[in-house]
2 protein chains.
Amino acid sequence: MLARDLVEEYPSVTSDTDALEAAQLLGHHRLPGLLVTTPAGRPVAVLPASQVVRFVVPKYIQDDPSLARVLGEKAADSIVNQLSPLTVGDMLPERLPELPILHGDDTVLELAALMARLRCPLVAIVDDDHVLGVVTASRLLSLALHAS
Amino acid sequence: MLARDLVEEYPSVTSDTDALEAAQLLGHHRLPGLLVTTPAGRPVAVLPASQVVRFVVPKYIQDDPSLARVLGEKAADSIVNQLSPLTVGDMLPERLPELPILHGDDTVLELAALMARLRCPLVAIVDDDHVLGVVTASRLLSLALHAS
């Protein structure tokens, strides 16, 4: 079995995609992260859902977490207010870690080894700079369901 | 909105649960991680899917990743063979990080702040040591779908 046999479709975002749209995609598809590509489709980063959550928390609450308790009523509004001015590019870490990327004809064990090494919930699978899709850790583990 | 309004059911595992069963639960429910509890239901750890993936990779491939290419044919069998002797307890890190846990009446912003601080894809929500469920990062972000 090869990496391409496991790929799932993924919603496409670029650095210019609105942060709010990215949050909605993560929420709607229940993804652990999003693959960020150039407009031409070349992968440039993985944006974990937990990284997006960081930008949901207003700065004054990061500075004084006790305020979260008294100001927590309108959570959805807060998410919108915090994310609206931002793009995906604004939420990416300044130093990007090694990009989790493999080729369609790489094996599932290579996939597991890379995911384990980078502790990454998502690997992009490409052929000739064209993204075939992504494989999540839970998708890889779903192979265990079909084992003899 | 409070943390209890966002909780999702979660499959229950303990340190004694078979590693293979844990992998199957992660794969079946497409979860970013599993909540591990004592037999009495008190939460003790979160086991991320990417941590389980580490144990899927045979030791000789971790030592020489080039072997993954030639030995990658029977991925499902490899997962079963690697995980079968193990339990959830065997896959937990020796030093457990701070447990991501909140109470049902904590606010969504407190939830976001904790998830952001621990960079954790999953928070357990408890009332009186009874686990109400878990909230994932993507579930939290799904609030953005319903914003005005």
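Asks: Can you walk me through the relation of the copies chain A and chain B in this structure?
Replies: Take chain A, turn it by 180 degrees, move it 0.0 Å along the axis, and it overlays chain B with an RMSD of 0.0 Å. In symmetry terms, the pair is related by a two-fold rotation axis. The C-alpha atom lying nearest the rotation axis in chain A is that of Pro32(A); the distance is 3.2 Å. An overlap of 100% is found between the interface residues of chain A and their copies at the interface of chain B, pointing to a shared contact surface.

Asks: Can you help me understand the pattern of salt bridges in this one?
Replies: Oppositely charged side chains may form a pair once their charged atoms are brought near each other. Within this structure, the stated rule accounts for six salt bridges over all chains. Arg4(A) is the partner of Asp127(A) in a salt bridge, and the nearest nitrogen-oxygen pair spans 3.1 Å. Pair noted here: Asp127(A) is in strand β4 (residues 122-127) and Arg4(A) is in the segment before α1 (19-29), with a separation of 123 residues, a long-range link. Across the salt bridge formed by Arg30(B) and Glu8(A), the nearest N and O atoms sit 2.7 Å from each other. Taken together, the residues Arg30(B) in the loop between α1 (19-29) and β1 (33-37) and Glu8(A) in the segment before α1 connect one chain to another.

Asks: What am I meant to see in the interface of chain A and chain B here?
Replies: The extent of an interface is frequently quoted as the accessible surface area lost upon association of the parts. Facing the 54 residues of chain A at the interface are 54 residues of chain B. Summing the contributions of chain A and of chain B, the shared interface buries around 4,500 Å²; its carbon and sulfur component is 68%. The largest contributions to the chain A side of the interface with chain B come from Arg30(A), Leu109(A) and Leu141(A), which together make up 16% of the buried area. Counting every contact that joins chain A to chain B gives two salt bridges. Looking at the side of chain A that touches chain B, the elements that each hand over two or more residues are α1, α2 (49-56), α4 (67-70), α5 (75-83), α7 (108-118) and α8 (137-141) of chain A. Taken together, the residues of the side of chain A that touches chain B sort by class into 32 nonpolar, 11 polar and 11 charged.

Asks: Before we go on, may I ask you to explain the nonpolar core in this structure?
Replies: As a rule of thumb, nonpolar side chains are buried together in soluble globular proteins. Ranked by internal contacts, the top residues of the largest apolar core, which has 44 residues, are Leu111(A), Leu140(A), Leu141(A), Val52(B), Val53(B) and Leu83(B). Every residue in contact with Leu83(B), bar those within four places of it in the chain, is listed here: Ala19(B), Leu20(B), Ala23(B), Val52(B), Phe55(B), Val56(B) and Met91(B).

Asks: Got a minute to help me understand the pairing of strand β2 (residues 43-48) of chain A in this structure?
Replies: Regular strands have side chains that alternate between both faces of the sheet. Residue and element names in this part refer to chain A. Of the strand pairs in this sheet, strand β1 (residues 33-37) and β2 are connected by five bridges, and their pairing is antiparallel. Within β2, the position partnered with Thr-37 by the bridge is Pro-43. Between the antiparallel neighbours β1 and β2 lie five residues, among them Gly-41 with a positive phi of about 100 degrees.

Cut-offs and rules
Residues numbered from 1 in each chain as written. Chains lettered and ligands numbered in written order. Predicted model: local features only at pLDDT ≥ 70, side-chain atom pairs only at ≥ 80, totals over all residues. Heavy atoms only, no water. Least-squares fit on C-alpha atoms with pLDDT ≥ 70 in both. Contact = heavy atoms within 4.5 Å. Salt bridge = Lys/Arg side-chain N within 4 Å of Asp/Glu carboxyl O. Helix = DSSP H or I, 4+ residues; strand = E, 2+ residues; numbered from the N terminus. Buried area = accessible area lost by both parts, 1.4 Å probe. Nonpolar A, V, L, I, M, F, W, Y, C, P; charged D, E, K, R; others polar. Core = buried A, V, L, I, M, F, W, Y, C linked by side-chain atoms within 4.5 Å. Buried < 20%, exposed > 50% of the residue type's maximum accessible area, 1.4 Å probe, protein only. Pairing = 2+ DSSP bridges.

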